[in-house]
Every structure is written in structure tokens, then in C-alpha cells.
Amino acid sequence: ESDEPAVSLPDDGRFDLILAAETTYTPESAKDTAEILGKHLKIDTGVGLVATKRYYFGVGGGADAFRQAAASLVLETGLSGEEVNCELKVETVKSYDSGVGRDLLRVRLEVQ
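Scope of this entry: the structure provided in the associated data block. Each chain carries its own residue numbering, running from 1 in the direction its sequence is written. Only residues with pLDDT of at least 70 are given local features in this predicted model, and only at 80 or more are side-chain atom pairs given and counted; all residues enter the totals for whole chains, interfaces and linings. With hydrogens and water excluded, all non-hydrogen atoms of the structure serve as input to the side-chain values.

1. Regarding the environment of Tyr 96
If you trace the backbone, Tyr 96 turns up in strand E4 (residues 82-96). For the pair Tyr 96 and Lys 53, spaced 43 residues apart in sequence, the C-alpha to C-alpha distance is 9.2 Å. When checking whether two residues touch, look at their non-hydrogen atoms; a contact exists if any pair is within 4.5 Å. Other than its neighbours up to four places away in sequence, Tyr 96 contacts Arg 54, Gly 101, Arg 102 and Leu 104. A run of H or I in DSSP becomes a helix once it reaches four residues, and a run of E becomes a strand once it reaches two; helices and strands are each numbered from the N terminus.

2. Here we look at unusual backbone geometry
Even without a glycine there, the phi angle at Glu 22 is positive, about 55°. Tracing the sequence through the fold places Glu 22 in the loop between strand E1 (17-21) and helix H1 (27-40). Only protein chains enter the accessibility calculation, which uses a 1.4 Å probe; a residue is then buried when its area is under 20% of its type maximum, exposed when over 50%, and partly exposed in between. According to the relative accessible area criterion, Glu 22 is partly exposed, its value standing at 33%.

3. So, the packing of aromatic side chains
Two aromatic rings, drawn from Phe, Tyr or Trp (for Trp, its six-membered ring), form a pair once their centres lie within 6.5 Å of each other, and the interplanar angle then sorts them: stacked below 30 degrees, edge-to-face above 60, tilted otherwise. On inspection of all chains with the given rule, the structure shows two aromatic pairs. Taking 6.5 Å as the distance between ring centres and 75° as the angle between the ring planes, the aromatic pair formed by Tyr 25 and Tyr 56 counts as edge-to-face. With Tyr 25 in the loop between E1 and H1 and Tyr 56 in the loop between strand E2 (47-53) and helix H2 (63-72), this residue pair connects regions lying 31 residues apart in the sequence. Each ring, one from Tyr 55 and one from Phe 57, has its centre 5.0 Å from the other, and the planes form 75°; the classification is edge-to-face.

4. Regarding H1
In an α-helix, one full turn covers 3.6 residues, which means residues spaced three or four apart are oriented alike. Given a rise of 1.5 Å per residue, 14 residues ought to cover 20 Å, and the 20 Å separating the end C-alpha atoms of H1 matches this to within 8%. Of all the positions in H1, only Ser 29, Ala 30, Thr 33, Ala 34, Leu 37 and Gly 38 are classed as buried. The span expected for a helix works out to 1.5 Å for each residue beyond the first.

Below, the structure written as C-alpha cells:
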């Protein structure tokens, strides 16, 4: 048996791709999802894909709550030893209108 982990994680904790589904069901969970993406996406190259209902009835989350949470984040991130201001850019990749409306959102962490 080896003591080496089966998967090695990036030293900076940033990833090329992060997938999330059903993580924006309340405004608080939408904010948590945005914060995780802001902390762990690679700057300018990483992509987050968030699958979510447009609105979670009774609890208030959904695509709009996630967009608001992403827009309200102020991210100062180290890039090559410097602090830079970054923002989460959110765009709708695909909308599904049958049944409960759902959206697939693409999220990028970009230098302002």
C-alpha cells in the first residue's frame, strides 16, 4: 500500500473545471456556491458549470439568486504574487423550459 494520495490536488487550490448541481436552492447556498467558485476556479481559464432551477419556491434560491451573489462578491486574488481584483462572470449556456424551468450557467473568474 502506498501512502501517496490517489489524486493529486493543485498546489494553489484552483481548478480548470468545477461542476455544481442543485447548490443554489436558498440565497445563502447560492452565496456559498459563488464563494467556492471564486476561491477555487483558475483565474481567466477555469470554468464552472452550475445546473440550477430558475427559482426554488418556498426557499428563494435559484439562477437569479446565484447571479446576485456572484455580482456582489468582491474578490482580491493573488496572481503571480500580486493582489488583483477579480469578478465572477455568469452567462446562461442553456435554458430548459419544460416542467420546472432550469438553467445551465457558465461561470468564469476574470481579472477586472
